[in-house]
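Inside the fold
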Amino acid sequence: METVLSIQSLTKNFGKLTAVNNLNLEVKRGQVFGMLGPNGSGKTTTLGMLMGVTNPTQGSFSWFGEAPSNEVRKKIGAVLEHPIFYPYLTGQKNLELNAMIKQCPPENIPNVLELVELTDRRDDKYKTYSLGMKQRLAIASALLNDPTVLILDEPTNGLDPMGIAEIRGLIKKIAANGKTIILASHLLDEVQKVCSHFAVLKKGNLVHIGPVDDVGKGSEVVEVGAEVANLNEVLLNFTGTSSIIKENGLYEVTLRDGFHSKELNRFLFDQGVTASHIHTKKRSLEKMFLEILAGS
Amino acid sequence: MLHLLKIDLKKMMNYRTFWVVCGLYFITLAFTTASGMEFLKWLANTFEDFGSELNINRIPLYHFPDVWLNLVWFSGCLKIVLAIMVVISVTNEFTYRTVRQNIIDGMSRSQFLFSKLLTNVLLSLMSVLMIFVIGLVTGMIYSPVIDMQNIITDLEFFPAYFLEIFFFLSYALMMSILIQRSGLTIILLLLSQMIEAIITANIDDVLPEIIPFFPMRSIWNLIKFPYQRYAFQEIQDYLKFSSVAIVVGWIVIFNYLSYLKLKKSDI
């Protein structure tokens, strides 16, 4: 697969603070790449360096195999942190200005406005927009030049649940068109829902990188409930049991590798125990994220 | 190059403050420079009240070629208004952080600076054109004899006037990029004349030979105060190469510092 972005030992120091430390990363075409990390872990600094607004202290990166330049940036659509526009210009004029800077035809403006559902408000000044509309205008602006790569930094920050759902739908729609998306977020649920790959940053260090599908892999956790007094002992007798926790009257059984809820169910049945509740819990990205952060 | 100018003008064209400030500047420029005769009449009236007489026809304020230098020197005093417009335009980019988005969207840092510089060139050229037209019209009206020789005399003050305006706008641009806050920048801009005067007054006894190299002083030396010629004093009605060189030197320094600051800093 074609490499869109390649980062080699990128480092940024702000005085004594190392915001990004020796980062190596590759993003391939078509990936929806999530960048996770707590606040202040260096996500925005990294994206700022990639988009030419923050000068790296050390290291290098290349877009599409080319050295970074303002011409390369024109092929990328990016929204970093907050949406930024001229408050005294209308949405339409702001996009016209952006089209001039990106040197792309202004004919795209109606299309992107339609996509983010801002056509009705295009002639209102930007400063009259709500936060959700500002975010959507920023996405419209990022899509203006039909970029092959889209960078979104906390695109749902400060939005209400409806706005979040809208933006998430939009990202999925864009990803379905085969665009490469780099999404920085601390909303793990969001990343799990839309991303194909993810990386975790902690205090500027890369602590994990891999496909999102891997999150569900590994040992299975099964929640079991049955109306027998010695359920705990029965469960302990199962050869596949690794550990048991009792929670809210139910037993959470973590299984050894290679064992599944199916075998546990059969074992219980053979022991004459009929489970009234049995539920395989999928490991969430949130849990994995906390594990990664705790382990690093 | 034209493309960069268009981008910067696009930012301005729908900005009401820009129209108000530029409108005020050009209207004030036109009215004040065109109403010199009214001023002389008022002066004559005042003299009369005190019992002395002033023959305003003996003061050839608008006669070719006097009119050029008279208007150019006077309108140079209004350049601060235009400079304040530049400060607003540039510091806005920092307060709204739009400079950051411009660069993310694909402008290089030098292109950003260049787009602002081109606007400065345009504003300076407009001032030059305005004063030239006003000078030409008033000269035609008030000059007793109109001959080509007198009209084309002293025209070199127009390139000098351009330099003066462009110099000051470059200074405003640099201060805006260095300070990034409109209020503080405007205050420093207004005070720079005075601050420099205090410094030069203090070193007058020690190092008088470096005083012509001070930036604000270099402008006063480029286009010298002309009105004392009506009190029968000698004036400098030509351009000195050294003064031009110092002003051009400062223009290069100001814009290079702007470039360095933009290049080095995280935006």
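Side note on the overall build of chain A
Within chain A, the secondary structure is distributed over 10 helices and 13 strands. Summarising its shape, the C-alpha atoms of chain A cover approximately 75 × 45 × 35 Å along the three principal directions.

Looking at the interface of chain B and chain A
Residue-level contacts link 21 residues of chain B with 21 residues of chain A. Elements with a minimum of two residues in the side of chain B that touches chain A: α1 (2–13) and α6 (98–104) of chain B. The residue inventory of the side of chain B that touches chain A, partitioned by class, reads seven nonpolar, seven polar and seven charged.

Quick notes on unusual backbone geometry
Of all residues except glycine, most have a negative phi; of all peptide bonds, most are trans. Residues and elements named next belong to chain B. Look at the link from F64 to P65: it is a cis peptide, with omega at -5°. Of note, the phi angle at R97 is positive, near 65°, even though the residue is not glycine. A tally of 17 C-beta atoms within 10 Å means that R97 is categorised as partly exposed.

With respect to the confidence of the model for chain B
Low pLDDT marks stretches whose predicted atomic positions should not be read closely. When pLDDT is averaged along chain B, the result is 91, and 100% of the positions lie at 70 or above. Overall fold confidence for the complex sits at a pTM of 0.87, while the interface term, ipTM, reaches 0.89.

Re helix α1 (residues 43–50) of chain A
All names here are of chain A. Counting buried residues along α1, eight of its eight residues qualify, which places the element largely inside the surrounding structure. What α1 keeps buried is the set K43, T44, T45, T46, L47, G48, M49 and L50. Positive phi shows up at G52, right after α1, with a value of about 80°.

Brief notes about the packing of helix α5 (residues 79–95) of chain B against helix α9 (residues 157–179) of chain B
All names here are of chain B. α9 packs onto α5 with a crossing angle of 35° between their chain directions and a minimal axis gap of 9 Å. Remark: the crossing between α5 and α9 carries right-handed chirality. In this structure, α5 uses K79, L82, A83, V86, V87, V90 and T91 to contact α9, whose residues at the interface are E164, I165, F168, L169, A172, L173, S176 and I177. Residue composition of the contact of α5 with α9, by class: 11 nonpolar, two polar and two charged.

Some details on the pairing of strand β12 (residues 250–255) of chain A
Residue and element names in this part refer to chain A. Because side chains alternate across β12, one face comprises the buried residues Y251, V253 and L255, and the other comprises L250, E252 and T254, none of which is buried. Here strand β10 (residues 221–226) pairs with β12 via four bridges, running antiparallel. Within β12, the residue paired with V221 across the bridge is T254. By the bridge criterion, six bridges tie strand β11 (residues 241–247) to β12 in an arrangement that is antiparallel. Its bridge partner being in β12, I245 is matched across the sheet by E252. Count of turn residues in the β11/β12 antiparallel hairpin: two residues, of which N248 carries a positive phi of about 50°.

Considering the nonpolar core
One broad rule of soluble globular proteins: the nonpolar side chains tend to lie buried together. Ranked by internal contacts, the top residues of the largest apolar core, which has 78 residues, are A:A140, A:I151, A:I181 and A:L183. Among the elements that make up this core, the one with the highest residue count is helix α5 (residues 131–143) of chain A (six residues). B:Y161, B:F166, B:L173 and B:V247 belong to the second-largest nonpolar core, a separate cluster that totals 42 residues.

Points about the sheet that holds strand β4 (residues 58–63) of chain A
Either a parallel or an antiparallel arrangement is found when strands of a sheet pair, and the pairing is made through backbone hydrogen bonds. Residue and element names in this part refer to chain A. Judged by pairing direction, the sheet is antiparallel, and its three strands sit side by side in the order β2-β1-β4 without closing on themselves. The sheet is open, and its two edges are formed by β2 (17–28) and β4, each paired on a single side. Strand-to-strand, the axes of this sheet are offset by a mean angle of 15°, without reference to chain direction. As paired elements, strand β1 (residues 3–14) and β2 share eight bridges and run antiparallel to each other.

Observations concerning the confidence of the model for chain A
Per-residue pLDDT for chain A averages 88, and the proportion of residues at 70 or more is 99%. At the level of individual helices and strands, chain A shows its lowest average pLDDT in helix α7 (residues 188–194) of chain A, which scores 79, and its highest in helix α3 (residues 91–102) of chain A, which scores 95.

Let's talk about helix α10 (residues 182–203) of chain B
All names here are of chain B. Between the first and last C-alpha of α10 there are 31 Å, a value that for 22 residues agrees with the 32 Å anticipated at 1.5 Å per step. The sharpest bend along α10 reaches about 45° and sits at L191. Here α10 has its buried residues at T185, I186 and L189. Lining the buried residues of α10 we find α5 and α9.

With respect to the packing of helix α7 (residues 109–142) of chain B against α9(B)
All names here are of chain B. Packing of α7 against α9 brings their axes to within 9 Å, and their N-to-C directions diverge by 145°. You can see that α7 and α9 cross each other, and the crossing is right-handed. Along its contact with α7, which presents K116, N120, V121, L123, S124, L125, S127, V128, I131 and F132, the element α9 presents F158, Y161, F162, I165, F166, L169, S170 and L173. A breakdown of the residues in the contact of α7 with α9 according to their chemical character gives 13 nonpolar, four polar and one charged.

Overview of the environment of A:L201
Residues and elements named next belong to chain A. Positionally, L201 belongs in strand β8 (residues 197–202). Look at L201 and you get buried, because 26 C-beta atoms sit within 10 Å. Put simply, L201 and L293 are 92 residues apart on the chain and 8.7 Å apart in space, counted from C-alpha to C-alpha. Setting aside residues up to four positions removed in sequence, L201 forms contacts with M35, G37, S41, G42, K43 and L206.

Brief notes about the sheet that holds strand β6 (residues 149–153) of chain A
Residues and elements named next belong to chain A. With mixed pairing, six strands are arranged side by side in an open sheet as β5-β6-β7-β3-β8-β9. Every interior strand has two partners, whereas the edge strands, β5 (76–79) and β9 (205–211), have only one. Mean inter-strand twist for the sheet, computed between neighbouring axes without regard to direction, equals 15°. Contacting β3 (32–36), β8 and β9, helix α10 (residues 285–295) runs over the sheet at an angle of about 40° to β8.

Looking at the pairing of β3(A)
Residues and elements named next belong to chain A. Of all five residues that make up β3, five are buried, and the element is covered over most of its length. Burial of β3 is two-sided: the residues V32, G34 and L36 facing one way and the residues F33 and M35 facing the other way are all buried. Bridge count for β3 against strand β7 (residues 180–184) is four bridges, and the pairing is parallel. By the bridge assignment for β7, F33 is matched with I182. When β3 meets β8, the two strands line up parallel, connected through four bridges. Residue pairing for β8: G34 is matched across the bridge by F198.

Let's talk about the environment of A:E220
All names here are of chain A. Position of E220 relative to the elements: it lies in the loop between β9 and β10. On a C-alpha basis, the gap between E220 and K281 in space is 7.2 Å, while along the polypeptide they are 61 residues apart. Not counting residues within four places of it along the chain, the set of residues in contact with E220 comprises L255, H260, S261 and T280.

Quick notes on the rules
- Residues numbered from 1 in each chain as written.
- Chains lettered and ligands numbered in written order.
- Predicted model: local features only at pLDDT ≥ 70, side-chain atom pairs only at ≥ 80, totals over all residues.
- Helix = DSSP H or I, 4+ residues; strand = E, 2+ residues; numbered from the N terminus.
- Contact = placed C-beta atoms within 7 Å.
- Nonpolar A, V, L, I, M, F, W, Y, C, P; charged D, E, K, R; others polar.
- Buried ≥ 20, exposed ≤ 12 C-beta atoms within 10 Å, placed from the backbone.
- pLDDT = per-residue confidence, 0-100.
- Axes fitted to C-alpha atoms, helices over the stretch in contact; angles between N-to-C directions.
- Left-handed = near helix turned anticlockwise from the far one by under 90°.
- Pairing = 2+ DSSP bridges.
- Core = buried A, V, L, I, M, F, W, Y, C linked by C-beta atoms within 7 Å.
- Expected span 1.5 Å × (residues − 1).
- Bend = angle between axes of the 7 residues up to and from the residue.

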